[in-house]
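Spelled out, the chains give:
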Amino acid sequence: MRRLTWLRPQQAQRIVGYSVLLLIVATNASLLLLVPFSMRRFWIVAALYATGTLATLFLLLHPRNQWLVANRSQVESSDSRRCVGLTFDDGPSEEMTPRLLDILREKGVKATFFLVGREAERHPDLVRRLRDEGHVIGNHTFSHPPLFCFLTPSRLRMEIERTQEVLARLTGRRPRLFRSPVGLRHPFLAQTLEEVGVEYISWQLRTFDTYPQGREALRARVLGRINPGDIVLMHDRPARGTSAMLSALPEVIDLLRDRGYQFTTP
Ligand SMILES: [Zn+2]
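Residues numbered from 1 in each chain as written. Predicted model: local features only at pLDDT ≥ 70, side-chain atom pairs only at ≥ 80, totals over all residues.

Here we come to helix H5 (residues 124-132). The set of residues buried in H5 consists of Leu126, Val127 and Leu130. Looking down the long axis of H5, one finds its buried residues gathered within 100 degrees of arc, a one-sided arrangement. Exposed side chains of H5 directed beyond 90 degrees from the buried face belong to Asp125 and Asp132. For H5, the elements touching its buried residues are helix H3 (97-107), strand S3 (112-115), helix H4 (117-122), strand S4 (136-139) and helix H6 (153-171). Where H5 ends, the next residue or the one after it, glycine 134, has phi of about 85 degrees, a positive value. (Buried ≥ 20, exposed ≤ 12 C-beta atoms within 10 Å, placed from the backbone. Helix = DSSP H or I, 4+ residues; strand = E, 2+ residues; numbered from the N terminus. Arc of directions from axis to C-beta. Contact = placed C-beta atoms within 7 Å.)

The subject of this paragraph is the domain arrangement of the protein. Often the size quoted for an interface is simply the accessible area lost on bringing the parts together. Domain boundaries assigned for the protein yield domain 1 (10-61) and domain 2 (71-263). Those elements giving two or more residues to the side of domain 1 that touches domain 2 turn out to be helix H1 (10-29) and helix H2 (39-61). No other element matches H1, which puts six residues into the side of domain 1 that touches domain 2. Of the residues in the side of domain 1 that touches domain 2, the class split is five nonpolar, three polar and one charged. (Domains from an automatic or database assignment. Nonpolar A, V, L, I, M, F, W, Y, C, P; charged D, E, K, R; others polar.)

This paragraph deals with the packing of H1 against helix H7 (residues 189-196). Across the interface, H1 lies against H7 with an axial gap of 8 Å and an inter-helix angle of 150 degrees. On the basis of the axis angle, H1 is roughly antiparallel to H7. Facing H1, whose interface residues are Gln10, Gln13, Arg14 and Gly17, H7 presents Ala190, Gln191 and Glu194. A per-class count over the contact of H1 with H7 returns one nonpolar, four polar and two charged. (Axes fitted to C-alpha atoms, helices over the stretch in contact; angles between N-to-C directions. Parallel < 35°, antiparallel > 145°, perpendicular 65-115°, else oblique.)

Burial along S4 is two-sided: Val136 and Gly138 facing one way and Ile137 and Asn139 facing the other are all buried. Sheet topology note: the S3/S4 ladder contains four bridges and is parallel. Bridging across to S4, phenylalanine 113 finds its partner in isoleucine 137. (Pairing = 2+ DSSP bridges.)

Structure representation (structure tokens):
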């Protein structure tokens, strides 16, 4: 296994985690300063509350911030000037994944799939097909909890570890990459990922492929915004926009190749 040099010491990770919890508590506790009420106190509390809330939102929601967990949004390649990495989250799905795999096989493209453990258990044949066709399989939690930021530490650990076990059982190897639902952070994520032995992978280009948009819009978005080395976020769960993604993808792959791009994995 690759040496995980991006990790900080566990103790420092724990201090960062508790600091974020303290920030959240202090932001809310600042409301107590409103008693006794005066306009001067009101403006001070408003400033404290807004600053604390914005800082918390940045730490928990920004997909590329490095404060709570070190992460990459670029492929690591000897020639990243000519590379992009396609990543697909939330699968496997009976409806989308086979069609996507057919396209990738026809085009000779290897991609990275961040699988939801529960869905992987439901579709073991699709997981094996992903492995057999040479794609990289990453961990995307067991149940894709929407309130990922607020999981208890033990639930957080279970979401990640259980998915490692499911995927190891189905593919014969433990994933080494992880991405959280919607890129959300958790105060104790870095520590947990180090204990499990996986690296956090973010993205540089979000395609918004789950939103209803035409294939032209999706194609224009990718080709207009792509830069060398970028990791691209897409999805292979059924959503209103993902059929447009499937119909745009072959052409997007061809046009990126015309520009000299190669497809690689993180
Ligand atoms: Zn997801």
